[in-house]
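Descriptive structure summary
Listed below are the residues making up each chain.
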Amino acid sequence: MSTTALTTATARIEVLGPAFERAEEILTPEALQFLTELHHRFAGARHDRLAERQRRRYEIGNGRDPRFRDDTRAIREDTAWRVAGPGPGLEDRRVEITGPTDPKMTVNALNSGARVWLADQEDATSPTWRNVIGGQLSLRDAIRGELSYTSPEGKRYEVTAERTPTIVMRPRGWHLVEKHIRFTDARGQAGAASGSLVDFGLYAFHNAAELVARGRGPYFYIAKLESSEEAKLWDDIFSFTEERLGLAHGTIRATVLIETLPAAFEMEEILYVMRDHIAGLNAGRWDYIFSIIKNYRGRGARFVLPDRSEVTMTVPFMRAYTELLVKTCHKRGAHAIGGMSAFIPNRRDPEVTARAEEKVRADKHREANDGFDGTWVAHPDLIPIAQAEFDAVLGDRPNQVDRQRDDVEVTAAQLLDVRIGREITEAGVRDNVSVAIRYIEAWLRGLGAVAIDNLMEDAATAEISRSQIWQWIHQDQSTAEGTPITRKWVEELVTETLSGLDRFAGDRYEDAAELFRDVATGDHFPTFLTVPAYSRYLVDA
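Here is a short report on the structure shown in this document. (Residues numbered from 1 in each chain as written. Predicted model: local features only at pLDDT ≥ 70, side-chain atom pairs only at ≥ 80, totals over all residues. Heavy atoms only, no water.)

Their axes nearest at 9 Å, the elements helix α15 (residues 426-444) and helix α16 (residues 459-474) cross at an angle of 135°. Taken as axis vectors, α15 and α16 run oblique relative to one another. The hand of the α15/α16 crossing is left-handed. Each of Gly428, Val429, Asn432, Val433, Val435, Ala436 and Tyr439 in α15 lies in contact with α16, whose residues at this interface are Ala459, Ala462, Ser465, Gln468, Ile469 and Trp472. Across the contact of α15 with α16, the residue classes tally to nine nonpolar, four polar and no charged. (Axes fitted to C-alpha atoms, helices over the stretch in contact; angles between N-to-C directions. Helix = DSSP H or I, 4+ residues; strand = E, 2+ residues; numbered from the N terminus. Parallel < 35°, antiparallel > 145°, perpendicular 65-115°, else oblique. Left-handed = near helix turned anticlockwise from the far one by under 90°. Contact = heavy atoms within 4.5 Å. Nonpolar A, V, L, I, M, F, W, Y, C, P; charged D, E, K, R; others polar.)

Moving on, we come to the pairing of strand β3 (residues 95-99). The buried count for β3 comes to five of five residues, which makes it a mostly enclosed element. The two faces of β3 match: Val95, Ile97 and Gly99 on one face and Glu96 and Thr98 on the other face are all buried. Strand direction decides the pairing type here: β3 and strand β4 (residues 116-120), joined by four bridges, are parallel. Across the sheet, the residue bridging to isoleucine 97 is tryptophan 117, located in β4. At this point the chain moves from β3, through helix α4 (residues 103-110), to the parallel β4, and the crossover so formed is right-handed. (Buried < 20%, exposed > 50% of the residue type's maximum accessible area, 1.4 Å probe, protein only. Pairing = 2+ DSSP bridges. Right-handed = clockwise from strand over helix to strand, strands pointing away.)

All right, on to the pattern of salt bridges then. Under the defined criterion, the tally for this structure stands at 65 salt bridges. Between arginine 76 and glutamate 269 there is a salt bridge; the shortest N-O distance is 2.7 Å. Of this pair, arginine 76 sits in helix α3 (residues 73-77) while glutamate 269 sits in helix α9 (residues 267-273), and the two are 193 residues apart along the sequence. For arginine 76, a relative accessible area of 15% corresponds to the buried category. In this structure, the salt-bridge partner of aspartate 370 is arginine 319, at a minimum N-O distance of 2.4 Å. A residue pair is termed long-range when its members are at least 10 positions apart, and aspartate 370 in helix α12 (residues 350-370) and arginine 319 in helix α11 (residues 316-331) qualify at 51 residues. (Salt bridge = Lys/Arg side-chain N within 4 Å of Asp/Glu carboxyl O.)

Checked against the element boundaries, arginine 93 lands in the loop between α3 and β3. Taking relative accessible area as the criterion, arginine 93 reaches 1% and is therefore assigned buried. There is a polar contact of 3.1 Å between the side chain of arginine 93 and the side chain of tyrosine 221. Not counting chain neighbours up to four residues away, the residues in contact with arginine 93 comprise Arg115, Val116, Tyr221, Thr255, Ala279, His335, Ile337, Asp373, Gly374, Thr375 and Pro398. (Polar contact = N/O pair within 3.5 Å; in protein donor to acceptor, adjacent residues only side chain to side chain.)

Geometry only, nothing functional implied.
Here it is as structure tokens:
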């Protein structure tokens, strides 16, 4: 695409990504001007917050555990304040479907029958340039009732549902960049644009007024936060955006994913600093598990988790986290939204489908009875199962925010006690290697949510797989069968995995294996596997 440059004072945005059909409808001069203003005002604060993340992670790695903050005790002890709560169309969130924003998946989500669609530009999207801008086009068309899609095989997809889900869009986290857009600040320092600000800014600019006119609003899931200061930065962005786009203060609503260990200690503070704009919190289970491994990977055997399949929502530290989330939300008038079970049905295998339905039913039964107001599913066929469990508890009520969990008392020690009493098995090691390589391969081809072994895998679940391998190697762990988990053995498993795959023209398995070796067996632990993967493989020259 020809470079487009717009200035705010002397700051400017330049589009470096190649042109493709209809991209100019999203990358308009006016939209790029808005991105320039967002970066001019907030890019510096973003860098500060990311530096603070690194400092806190260093502290945890060196023995200073997270704790409930003394300097914000007054916020937690003040019983008077409440959050804004749901905007129009968010009152009833009993079942939400998640998925990427390509046209086919967008049509399927809008026809699914869910109350809410998490339109995911983050973990379920591989951030190729075409996916990033193409997802914005899908959302723009969907909001205006103009979306249809014809597959290469000639099958046509159209939105036919009388009632479509309320859209809640998830932009990329603070740590991710968009290298196809360059921001140069007022001092002349140039670098990749923020993925968060690009995703949020383009969606809000093009769709906020249209959504309000249609009786909904610009709603966002906010991912990967690690502190209330990071949340306050988002709140400042929301307030600026409302003023800049002529929206009433409080029009924007956010649901924050509590999916990092540090954020679990600041739930009330996050609600407080975003109280004019926040609708609820979500229990982002997979990234939460990854965050624990990442922060405690070097702290000894006490913090080593067993096979990924053994780290369920019923183990004590995960129960503590979710119970605290429900109590905190309802205390402040916010929705508590449950997470996604990874099990998915297989329409060609009734036995697999029955097992998935049983697992999901149990998961949603637990959430509904614990007090959650809604939950996620990854497949349309699971919506009736999840809805039945929440209907049984909610009845005609849109939510159960009025259910106070005064019976819940969670301590810092409970959040940090990750002992499960299960073992690492050879099968668990093999599964981690195989799943991670197969997921990364699909991600490199532009697929962000992938069904593997009858589970829905995304970037978060792949992060668990590779980070466990890294921790097991560096903590000198052995399997229950007595096999030491070493780099050499894992390299043999990589070779074994590659030899057992059905290869095809254009596959990316060699690249995936190379990346897996770097992020799972190297001396250095990348904070996110998607960071080196994006820079190395997804940036168009």
